[in-house]
Amino acid sequence: MSESAVVKPQTRPHKIPESVLVVIHTPDLQVLMLERADRPGFWQSVTGSRDQLDEPLRVTACREVLEETGIAVDALPPGALRDWALANVYEIYPVWRHRYAPGVTHNTEHVFGLTVPAHTPVTLAPREHLRYQWLPWREAADLCFSPSNAEAVLQLPRFAVAEAR
């Protein structure tokens, strides 16, 4: 049997193919980038799937931010987390498809922005991320391995201007 035909045992429930992407940034548009533990060299923003079909996306975003960075959204000023009302549908990378039900090949990702003060402490979940860095938004977009993540970071200045109004 070829290596690509090996089916990995599913030890957890299948992931729901609906997720959030949270671009965490400072008021001066420094973006928090996280290096994946399971794919060193792959940098991204906070991402994660709904835990249940009826979990509100905002709850998913808050949970994932806390789990991956230690940042408690509820401790930030009201309006710090914003739903950008953008959704990306993309093909799930084959290396991660075993996490989903058989036949699931696409995910819908909902984009949020989270403004945090400069020097906000970050505590990584070591099973998920190896390192983090704050970068100017253009450099952060260039570092993203995911095209949808890069595009979201490139949208940051537009959303920051809209929020300032």
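Residues numbered from 1 in each chain as written. Predicted model: local features only at pLDDT ≥ 70, side-chain atom pairs only at ≥ 80, totals over all residues. Heavy atoms only, no water.

> Could you give an account of the packing of aromatic side chains, naming the residues involved and the relevant values?
Each aromatic ring pair is described using two quantities: the centre-to-centre distance and the angle formed by the ring planes. If you walk through the whole model with that rule in mind, you get five aromatic pairs. Summarising the aromatic geometry, the rings of Y93 and W96 are spaced 5.7 Å apart at their centres and angled 85 degrees between planes, so their arrangement reads as edge-to-face. Here W96 falls in the buried class, since its relative accessible area comes to 9%. On the basis of an interplanar angle of 55 degrees and a centroid distance of 6.1 Å, the ring pair of W96 and F145 is categorised as tilted. With a gap of 49 residues between them, W96 in the loop between β5 (81–91) and β6 (106–115) and F145 in the loop between α2 (137–143) and α3 (147–164) connect regions that are remote in the sequence. A network of ring pairs unites the aromatic residues F42, Y93, W96 and F145 as a single cluster. (Phe/Tyr/Trp six-rings, centres within 6.5 Å; stacked < 30°, edge-to-face > 60°. Buried < 20%, exposed > 50% of the residue type's maximum accessible area, 1.4 Å probe, protein only. Helix = DSSP H or I, 4+ residues; strand = E, 2+ residues; numbered from the N terminus.)

> Describe the pattern of salt bridges, with residues and values.
Between side chains of opposite charge, pairing is possible as soon as their charged atoms come close. Taken as a whole and judged by the stated rule, the model has nine salt bridges. Here the salt bridges share partners, and the residues they tie into one network are D51, E55, R63, E64 and E67. (Salt bridge = Lys/Arg side-chain N within 4 Å of Asp/Glu carboxyl O.)

> Which residues make up helix α1 (residues 57–69), and what are the values?
An ideal rise of 1.5 Å per residue puts 18 Å on 13 residues; α1 measures up with 18 Å between its terminal C-alpha atoms. Along α1, the residues that are buried comprise L57, T60, A61, C62, R63, E64, V65, E68 and T69. Immediately beyond the C-terminal end of α1, within one or two residues, lies G70, with a positive phi of roughly 80 degrees. (Expected span 1.5 Å × (residues − 1).)

> Can you tell me about the side chain of R50, naming the residues and giving the values?
With respect to the helices and strands, R50 occurs in the loop between β4 (46–49) and α1. For R50, a relative accessible area of 16% corresponds to the buried category. A distance of 3.4 Å separates a polar atom in the side chain of R50 from the backbone oxygen of L53. Discounting residues that sit within four places of it in the chain, R50 has contacts with I16, E18, E55, P56, L57, T60 and R63. (Polar contact = N/O pair within 3.5 Å; in protein donor to acceptor, adjacent residues only side chain to side chain. Contact = heavy atoms within 4.5 Å.)

> Give me the lowdown on the environment of E128, citing residues and values where you can.
By the element assignment, E128 lies in the loop between β6 and β7 (129–136). Residues E128 and W96, 32 residues apart in the sequence, show an inter-C-alpha distance of 14 Å. The residues contacting E128, other than those within four sequence positions of it, are E35, R36, A37, E67 and E68.

> How would you explain the nonpolar core if you had to name every residue and give the values?
Ranked by size, the top nonpolar core spans 20 residues in total, and within it V22, I24, V65, I71, L81, F112 and L114 carry the most contacts. For this core, the element with the highest residue contribution is α1, accounting for four residues. When neighbours within four sequence positions are excluded, I71 is seen to be in contact with I24, V65, L66, L76, L114, V116, T120, P121 and V122. Of all hydrophobic cores here, the second largest spans 18 residues; its members include L29, A140, C144 and A150. (Core = buried A, V, L, I, M, F, W, Y, C linked by side-chain atoms within 4.5 Å.)

> So what's going on with the pairing of strand β1 (residues 18–25)? Which residues, and what values?
With respect to burial, β1 is a largely interior element, seven of its eight residues being buried. Bridge analysis of β1 against β6 gives eight bridges, and the strand direction is parallel. Residue pairing across strands places S19 opposite E109, the latter belonging to β6. Pairing of β1 with β4 involves four bridges; the strand directions are antiparallel. Paired with V22 across the strands is V46, a residue of β4. (Pairing = 2+ DSSP bridges.)

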